[in-house]
Amino acid sequence: MRSDPAMAARTTARLARAGCVAAPDEAADLTAAAPTPAVLETWLRRREAGEPLAWIVGQVRFCGHVLAIDPGVYVPRFQTEDLARRAASLLPSRGRALDLCTGAGAVAVHLQRAVPSAAVIGVERDLVAAGCAGGNGVTVVIDDLGASIGVVGAGGMFDVVTAVAPYVPTDALHLLPRDTLRYEPRAALDGGADGLDVIRRVIARAGEVLRPGGWLLIEVGGDQDRPVAPLLRAAGFGEVAAHRDGEGDLRFVAARADGYRKRQHDASLWPGDPLR
Ligand SMILES: C[S@@+](CC[C@H](N)C(=O)[O-])C[C@H]1O[C@@H](n2cnc3c(N)ncnc32)[C@H](O)[C@@H]1O
């Protein structure tokens, strides 16, 4: 729908009063996507009530890609874009990537478009999110952290594993923006008592499916690199590095699957070695 300056000003003012931090941008998005003034009014009321913009207009941008987002599905955040770009830079052509907890498939879509010759699989256990990822062109396994994905021999088959798993400690959920808590699925956010319930399982799973030298990238927040780094090292990962954004906020941890696979490989070569 075309907007005139008066309509843009009114829409922006209503969104600003409702607490939207990017009111002018959101007003422009809503107006551009609404087919009629009546629909715009309905959408504005939903947005004023706190519903995610992406659910209302049905899409979001991530790493420059336009993704369809269905109501009920976690909305990909721009804060995850660095992880997606770094993962794409580590994925060889004709390589294989596994995006655990894929949600709407944002990271998987970026990996697939950045490295078209690679095979990229998303894993998601929520049916609505999995359907959304499928609609975004992701090959999705509906599963608990890829439990049904087989491991062949001693070496895993994936070059890169990514995971934007739930990682907010249960006690800290109330610190999230009110609308996030009210609308977005708790199963996408709640990481258990210390926030690391799913991340611990991601590390174990990645250790099984990564090839030696393959990379795991996990989104974390706060100062979760402190507990996560020793978990990774204990699982045999090396080159553990925390990545921060321009403001110094922790965004993700990356690690290389070295020792874990090597130990498994050695064990399979010499299962009865008396010296071990
Ligand atoms: C924080 S959202 C991230 C979604 C997506 N990666 C993104 O960045 O937009 C976490 C997602 O993990 C899914 N999830 C949580 N536990 C899971 C599990 N055990 N196995 C598979 N998916 C899981 C949730 O349903 C949710 O869609």
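Bear in mind that the values here come from a model prediction, so they are computed numbers and not experimental data. (Residues numbered from 1 in each chain as written. Predicted model: local features only at pLDDT ≥ 70, side-chain atom pairs only at ≥ 80, totals over all residues. Heavy atoms only, no water.)

Let's talk about the sheet that holds strand S8 (residues 237–244)
One key point about sheets: their strands pair by backbone hydrogen bonds, in either a parallel or an antiparallel sense.
Then, number 1: Taken together, the seven strands give an open sheet; going across it, the order is S5-S4-S3-S6-S7-S9-S8, and neighbouring strands pair in mixed fashion. Because the sheet does not close on itself, it has two edges, and the strands there are strand S5 (139–142) and S8. Here the average twist between neighbouring strands, direction ignored, is 20 degrees.
Then, number 2: Pairing geometry for S8 and strand S9 (residues 250–257), over six bridges, is antiparallel. Along S9, the bridge assignment pairs Gly238 with Arg256.
Then, number 3: Contacting strand S6 (158–163), strand S7 (210–219), S8 and S9, helix H5 (residues 81–90) crosses the sheet at an angle of about 170 degrees to S7.
Then, number 4: Along the sheet, helix H7 (residues 127–135) makes contact with strand S4 (119–124) and S5, crossing S5 at roughly 165 degrees. (Pairing = 2+ DSSP bridges. Helix = DSSP H or I, 4+ residues; strand = E, 2+ residues; numbered from the N terminus. Axes fitted to C-alpha atoms, helices over the stretch in contact; angles between N-to-C directions. Contact = heavy atoms within 4.5 Å.)

Observations regarding the site of the ligand
Then, number 1: The local shell around the ligand holds 16 residues, among which Cys101, Glu124, Asp144, Leu145 and Ala188 are the closest.
Then, number 2: Within the backbone of Cys101, a nitrogen or oxygen atom sits 2.8 Å from a nitrogen atom of the ligand.
Then, number 3: In this structure, a nitrogen atom belonging to the ligand sits 2.7 Å away from a side-chain N or O atom of Asp144.
Then, number 4: Burial of the ligand by the surrounding chains reaches 97%, relative to a free accessible area of 600 Å².
Then, number 5: Grouping the constituent residues of the shell around the ligand by class yields eight nonpolar, two polar and six charged. (Near = heavy atom within 4 Å. Polar contact = N/O pair within 3.5 Å; in protein donor to acceptor, adjacent residues only side chain to side chain. Areas by Shrake-Rupley, 256 points an atom, 1.4 Å probe, with all protein chains shown as cover. Nonpolar A, V, L, I, M, F, W, Y, C, P; charged D, E, K, R; others polar.)

What to know about the packing of helix H1 (residues 5–17) against helix H2 (residues 23–33)
Then, number 1: Relative to each other, H1 and H2 sit at 120 degrees, their axes nearing to 8 Å. Compared by their axis directions, H1 and H2 come out oblique. In the packing of H1 onto H2, the handedness of the crossing is right-handed. On H2, the residues that touch Met7, Ala8, Thr11, Thr12, Leu15 and Ala16 of H1 are Ala23, Pro24, Glu26, Ala27, Leu30 and Thr31. (Parallel < 35°, antiparallel > 145°, perpendicular 65-115°, else oblique. Left-handed = near helix turned anticlockwise from the far one by under 90°.)

Examining the domain arrangement of the protein chain
Then, number 1: What the domain assignment reports for the protein chain is domain 1 (5–49) and domain 2 (78–266).
Then, number 2: Using only C-alpha atoms to locate each centre, domain 1 and domain 2 end up separated by 34 Å. (Domains from an automatic or database assignment.)

Focus on the pairing of S9
Then, number 1: With seven of its eight residues buried, S9 lies for the most part within the structure.
Then, number 2: Where S8 hands over to S9, the hairpin turn is made up of five residues, of which Gly248 adopts a positive phi near 85 degrees. (Buried < 20%, exposed > 50% of the residue type's maximum accessible area, 1.4 Å probe, protein only.)

Description of unusual backbone geometry
Then, number 1: Residues other than glycine seldom take positive phi values, yet Cys63 does so here, at roughly 50 degrees.
Then, number 2: Taking the relative accessible area as the measure of exposure, Cys63 reaches 10% and is therefore buried.
Then, number 3: Of note in this structure, Leu145 is not a glycine but carries a positive phi near 50 degrees.

Points about the environment of Arg182
Then, number 1: Assignment of secondary structure puts Arg182 in helix H8 (residues 178–183).
Then, number 2: Take Arg182: its relative accessible area is 55%, and that puts it in the exposed class.
Then, number 3: Each C-alpha atom of the pair Arg182 and Glu51 lies 8.5 Å from the other, and the pair is 131 residues apart in sequence.
Then, number 4: A polar side-chain atom of Arg182 sits 3.1 Å from the main-chain carbonyl oxygen of Ala49.

Considering H7
Then, number 1: The complete set of buried residues in H7 reads Ala129, Ala130, Cys132 and Ala133. Viewed end-on, H7 has its buried residues packed into an arc of 160 degrees, placing them on one side of the element. Exposed and oriented more than 90 degrees from the buried face of H7 are Leu127 and Gly135.
Then, number 2: Turning to H7, the residues buried within the fold contact strand S2 (65–68), S4 and S5.
Then, number 3: Of the residues one or two after H7, Gly137 is the one with positive phi, at around 90 degrees. (Arc of directions from axis to C-beta.)

Looking at the nonpolar core
Where a protein is soluble and globular, its nonpolar side chains tend to be buried together.
Then, number 1: Counting residues in hydrophobic clusters, the biggest one holds 35 residues, and the most contacted among them are Ile69, Leu91, Leu111 and Leu217.
Then, number 2: Elements that contribute at least two residues to this core include exactly helix H4 (53–57), strand S1 (59–62), H5, helix H6 (106–114), H7, S7 and S9.
Then, number 3: In this structure Leu217 touches Leu83, Arg86, Ala87, Leu90, Val160, Val161, Thr162, Ala163, Phe252, Val253 and Ala254, once residues within four positions along its chain are discounted.
Then, number 4: Ranked by size, the runner-up nonpolar core spans 31 residues in total, among them Val123, Val161, Ala235 and Ala257. (Core = buried A, V, L, I, M, F, W, Y, C linked by side-chain atoms within 4.5 Å.)

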